[in-house]
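Breakdown of the fold
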Amino acid sequence: VYYPMTWLVLVTSPATALVVSIFSHCVLGGIFAALFFRSLGIGWYASGLGGGLFVFACMLGQSYWPPEVSTICWMPFLFWAAEGYCRGGGLGWWLALAAGTALQALAGFPQFVVYTWYLLAPFILLRCWYWRREHGIGWRRAARRFGLMTLAGVLAMGLSAAQWLPTLELVRHSPRDRSLSPEAVSYTHLTLPTNRE
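Scope of this entry: the structure provided in the associated data block. (Residues numbered from 1 in each chain as written. Predicted model: local features only at pLDDT ≥ 70, side-chain atom pairs only at ≥ 80, totals over all residues. Heavy atoms only, no water.)

This paragraph deals with the pattern of salt bridges. On inspection of all chains with the given rule, the structure shows one salt bridge. The salt bridge involving glutamate 83 is made with arginine 127; its shortest N-O contact spans 2.7 Å. Here arginine 127 lies in helix 6 (residues 110-135) and glutamate 83 lies in helix 4 (residues 74-88), a separation of 44 residues in the sequence. Of the residues examined, glutamate 83 reaches a relative accessible area of 0% and is grouped as buried. Residue classification places arginine 127 among the buried positions, given a relative accessible area of 16%. (Salt bridge = Lys/Arg side-chain N within 4 Å of Asp/Glu carboxyl O. Helix = DSSP H or I, 4+ residues; strand = E, 2+ residues; numbered from the N terminus. Buried < 20%, exposed > 50% of the residue type's maximum accessible area, 1.4 Å probe, protein only.)

Rendered as structure tokens:
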């Protein structure tokens, strides 16, 4: 409800808003991926191809689940912002990292936020290490940069708490709140129907 693209329903029908949202997120995801690849020094044509492949490989297959598309869209943006901060270290890149993480969290599919940071945290760590070696910077300064980027993620979780808190409340009232029996978890005891002629 707090995600800006959801507010399209205020000015158009839900069906139209859904199509516009999915299309817009696919376009943005492709652009963000291309910008990230370009920031790594890859040429424009290859970066554009990479952006297109990101959309076709990671986003279109999820189009039946619009919150997934909305959440995946921000993954390359966060990598682009992290790369920009590692290279330049400016406040703008740091704010982009925090804002992008908050938008991803508000998009409605927390699982992909977790997956993004599973990938992003080691990427940031490696980029800080490389930046330290490339520029002859001390460990303390590189660690500070890594810590500030981690802080951007924590700040983003705070900014998106309005979305997280109802989610946690929902989990508290679901079967996930208590332990499940092995029978409830396992599906191996089910038999599949056989083909009949």
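Take a nonpolar patch on the surface next. Nonpolar side chains collect at one region of the surface, where Trp7, Val9, Leu10 and Val11 lie side by side and expose about 470 Å² of accessible area between them. Take valine 9: it is sitting in the segment before helix 1 (14-39). (Patch = residues over 30% accessible without salt bridge, like charges linked within 9 Å, V, L, I, M, F, W, Y side chains within 5 Å. Areas by Shrake-Rupley, 256 points an atom, 1.4 Å probe, with all protein chains shown as cover.)

An ideal rise of 1.5 Å per residue puts 22 Å on 16 residues; helix 2 (residues 44-59) measures up with 21 Å between its terminal C-alpha atoms. For helix 2, the complete set of buried residues consists of Ser47, Gly50, Gly51, Phe54, Val55 and Met59. Axial view of helix 2: buried residues confined to an arc of 140 degrees, hence all on one face. Opposite the buried face of helix 2, by more than 90 degrees, sit the exposed residues Tyr45, Leu49, Leu53, Phe56 and Ala57. (Expected span 1.5 Å × (residues − 1). Arc of directions from axis to C-beta.)

One finds Met59, Ala82, Leu97, Leu120, Ile124 and Met149 to be the most contacted residues of the largest nonpolar core, which totals 38 residues. Every element with two or more residues in this core is listed here: helix 1, helix 2, helix 3 (66-72), helix 4, helix 5 (91-106), helix 6 and helix 7 (139-159). Among the elements that make up this core, the one with the highest residue count is helix 4 (nine residues). In contact with isoleucine 124, other than residues within four places in its own chain, are Ala82, Cys86, Trp117, Phe146 and Met149. (Core = buried A, V, L, I, M, F, W, Y, C linked by side-chain atoms within 4.5 Å. Contact = heavy atoms within 4.5 Å.)

Time to look at the packing of helix 1 against helix 4. For any two helices packed against each other, one specifies the crossing angle of their axes together with the interaxial distance. At a closest axis distance of 8 Å, the pairing of helix 1 and helix 4 adopts a crossing angle of 30 degrees. Classified by the interaxial angle, the pair formed by helix 1 and helix 4 is roughly parallel. Helix 1 and helix 4 meet at a crossing whose hand is left-handed. Facing helix 1, whose interface residues are Gly29, Phe32, Ala33, Leu35, Phe36 and Ser39, helix 4 presents Trp74, Pro76, Phe77, Phe79, Trp80, Glu83 and Arg87. (Axes fitted to C-alpha atoms, helices over the stretch in contact; angles between N-to-C directions. Parallel < 35°, antiparallel > 145°, perpendicular 65-115°, else oblique. Left-handed = near helix turned anticlockwise from the far one by under 90°.)

This next bit is on the packing of aromatic side chains. Scanning the model with the defined rule gives 13 aromatic pairs in all. Taking 5.9 Å as the distance between ring centres and 70 degrees as the angle between the ring planes, the aromatic pair formed by phenylalanine 77 and tryptophan 80 counts as edge-to-face. Here the residue phenylalanine 77 and the residue tryptophan 80 both occupy positions in helix 4, the gap between them amounting to three residues, near one helical turn. Ring centres of tyrosine 115 and tyrosine 118 lie 6.4 Å apart, and the angle between their planes is 35 degrees; this geometry places the pair in the tilted category. In this pair, tyrosine 115 and tyrosine 118 both sit in helix 6, three residues apart, roughly one turn of the helix. The class of tyrosine 115 is partly exposed, set by a relative accessible area of 36%. An aromatic cluster is present here, built from Phe32, Trp74, Phe77, Trp80 and Trp93 joined pairwise through their rings. (Phe/Tyr/Trp six-rings, centres within 6.5 Å; stacked < 30°, edge-to-face > 60°.)

Tracing the backbone through its elements, the reader meets alanine 121 in helix 6. Judged by relative accessible area, which is 28%, alanine 121 ranks as partly exposed.

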